[in-house]
Amino acid sequence: MEFDESRLYLPGDDIRNMDWRVTARTGEPHTKVYREERERPVLIWLDLNPSMFFATRGCFKAVAASKAAALLAWSSSAHNDRLGALIFAGNDHVELKPRRGKSAVLDLIGQTCKHPAWHNSHNRQPRNMSHAMSRLRKVTRPGSLVFLISDFREMDDQAESHLINVARHNDVVLIQIYDPIEAELPPSGSYKVSDGNNDVQLNTADKKLRLAYRQRFDQRQTRLAKLCRQHRMYLLPLATCDDVLSGLQQGLGIQANHHAQFRARR
């Protein structure tokens, strides 16, 4: 709700809405009148940390995340919502204040495309989820719709605490981007894995290794799902091989037409 006007107090008006300044100035009791705010701020929190530049099929997690951010941004513009964003990597972030119009969408897309994370593959800063969540908490206005797009790796207790505080006064949707190999190791064999600097040989024939690997992913998923369930946040997993548009439409419970608006299901 947002303030609309002050008018003379009428019997039955809520005393808590008294406008004491106008009352003191005029000598007559006045009350504040509120109206429902038609547009709500939409904030997109986009993760471009090193782990997002990985995939074994489909596209990089960072590419899928950027596609999702662009689609959500266009949907917000179509419904005249004010669009803001935080694009972060390491301790650095790009902040776009909420505003309406296509220019806000194009600014988000442009800032995403030219972000240094795409080009400085050898000088990427380590992830700092606590710092990123703290920044999100500071800039989020109560009543906002917040989309967090990330793989949500290395979420410590402090980062979760910041996220919980954001969820207390806002609608929060977590869009988790993951690669299928993060959930299940490939068929038995010997695989060479590289991060561009270091190479390791991975033997996936070991049944204990395969089981422990799958259990680690399941435990992380269970913890994230429990966090969302306890604090009324909505979790939407998307694989790098999924169609991003279809995944958003199905996951957020909307119809596949140009009038649809991305909103979290309750």
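Check the entry above for the structure.
Here's what I pulled together on the structure shown here. Treat the numbers as computed from the prediction; the structure is a model and nothing was measured.

### Some details on helix α7 (residues 207–230)
Along its 24 residues, α7 runs 34 Å from first to last C-alpha, staying within 8% of the 34 Å computed at 1.5 Å per residue. Of the residues making up α7, those classed as buried are Arg-210, Phe-217, Gln-221, Leu-224, Leu-227 and Cys-228. On its buried face, α7 sits against α5 (157–168), β7 (171–178), α6 (180–183) and β10 (234–239). Between the side-chain oxygen at the start of α7 and the backbone nitrogen of Lys-208 there is a gap of 2.9 Å, and the oxygen is on Asp-206. Remark: Arg-232 follows α7 within two positions and exhibits a positive phi of approximately 55 degrees.

### Considering the sheet that holds β10
Spatially, β5-β4-β3-β6-β7-β10 is the arrangement adopted by the 6 strands of the open sheet, whose pairing is mixed. Of all the strands in the sheet, the pair left with one neighbour each is β5 (92–99) and β10. Pairwise comparison of adjacent strand axes, ignoring direction, gives a mean angle of 15 degrees for this sheet. Both strand β3 (residues 41–47) and strand β4 (residues 82–89) contribute to a ladder of 7 bridges, which runs parallel. What sits directly across from Leu-43, in β4, is Gly-84. Here helix α4 (residues 129–139) sits on the sheet and contacts β3, β4, β5 and β6 (145–150); the angle it forms with β3, its principal contact strand, is near 170 degrees.

### Observations regarding the pairing of β4
Burial analysis of β4 places 8 of its 8 residues in the buried class, which makes it a mostly covered element. Remark: the β3/helix α2 (residues 61–78)/β4 crossover connection has right-handed handedness. As paired strands, β4 and β5 are joined by 6 bridges and run antiparallel to one another. Pairing of Ala-89 across the sheet is with Asp-92, part of β5.

### Side note on the packing of aromatic side chains
Using the criterion set out here, one finds 5 aromatic pairs in the structure. Aromatic pair Trp-45 and Phe-88: ring centres 4.4 Å apart, planes at 35 degrees, arrangement tilted. Residue Trp-45 is found in strand β3, and its partner Phe-88 is found in strand β4; the two are separated by 43 residues along the sequence. Looking at Phe-88, the relative accessible area reads 2%, which means it is buried. With a centroid separation of 6.3 Å and 80 degrees between ring planes, the pair formed by Phe-53 and Phe-60 is classed as edge-to-face. Taken together through their ring pairs, the aromatic side chains of Trp-45, Phe-88 and Phe-152 make up a single cluster.

### What to know about empty space enclosed by the protein
As enumerated under the stated definition, the model contains 1 cavity of 30 Å³ or more in all. Taken together, Trp-45, Leu-86, Phe-88, Gly-90, Asn-91, Asp-92, His-93, His-131, Ala-132 and Arg-135 make up the full set of residues lining the largest cavity. Mapped onto the lining of the largest cavity, the elements with two or more residues apiece are β4, β5 and α4. Considering every element that reaches the lining of the largest cavity, the biggest residue donor is α4, with 3 residues. Counted by class, the lining of the largest cavity contains 4 nonpolar, 4 polar and 2 charged residues.

### Quick look at the side chain of Asp-19
As for its position among the elements, Asp-19 is in the loop between β1 (2–8) and α1 (20–26). Buried charge without a partner: Asp-19 forms no salt bridge, and the closest opposite charge is Lys-32, 5.1 Å away. Of the polar contacts made by the side chain of Asp-19, one reaches the backbone nitrogen of Val-22; its length is 3.4 Å.

### What to know about helix α3 (residues 102–113)
Compared with the 16 Å implied by 1.5 Å per residue over 12 residues, the 17 Å span of α3 between its first and last C-alpha is a close match. Here α3 has its buried residues at Ala-104, Val-105, Leu-108 and Thr-112. Seen along its axis, α3 keeps its buried residues to an arc of 100 degrees; they face one direction. Among the exposed residues of α3, those oriented more than 90 degrees off its buried face are Lys-102, Leu-106 and Cys-113. Packed against the buried residues of α3 are β3, α2, β4 and β5.

### Considerations on the pattern of salt bridges
Working definition: two side chains of opposite charge can pair if their charged atoms are close together. Inspection of the entire model under this criterion finds 12 salt bridges. Arg-135 serves as the salt-bridge partner of Glu-95, at 2.8 Å between the closest nitrogen and oxygen. With Glu-95 in strand β5 and Arg-135 in helix α4, this residue pair connects regions lying 40 residues apart in the sequence. For Glu-95, a relative accessible area of 31% corresponds to the partly exposed category. Note on Arg-135: relative accessible area 28%, which makes it partly exposed. Across the pair Asp-157 and Arg-223 runs a salt bridge, and its minimum N-O distance is 3.0 Å. With a gap of 66 residues between them, Asp-157 in helix α5 and Arg-223 in helix α7 connect regions that are remote in the sequence. Here Arg-223 falls in the partly exposed class, since its relative accessible area comes to 42%.

Thresholds applied
Residues numbered from 1 in each chain as written. Predicted model: local features only at pLDDT ≥ 70, side-chain atom pairs only at ≥ 80, totals over all residues. Heavy atoms only, no water. Helix = DSSP H or I, 4+ residues; strand = E, 2+ residues; numbered from the N terminus. Expected span 1.5 Å × (residues − 1). Buried < 20%, exposed > 50% of the residue type's maximum accessible area, 1.4 Å probe, protein only. Contact = heavy atoms within 4.5 Å. Polar contact = N/O pair within 3.5 Å; in protein donor to acceptor, adjacent residues only side chain to side chain. Pairing = 2+ DSSP bridges. Axes fitted to C-alpha atoms, helices over the stretch in contact; angles between N-to-C directions. Right-handed = clockwise from strand over helix to strand, strands pointing away. Phe/Tyr/Trp six-rings, centres within 6.5 Å; stacked < 30°, edge-to-face > 60°. 1 Å grid on protein atoms, 1.4 Å probe; cavity = no way out; pocket = protein on both sides within 12 Å on 5 of 7 lines; lining within 4 Å. Points joined across faces, edges and corners; volume = space filled by probe spheres on them. Nonpolar A, V, L, I, M, F, W, Y, C, P; charged D, E, K, R; others polar. Lys, Arg positive; Asp, Glu negative; His and termini not counted. Salt bridge = Lys/Arg side-chain N within 4 Å of Asp/Glu carboxyl O. Arc of directions from axis to C-beta.

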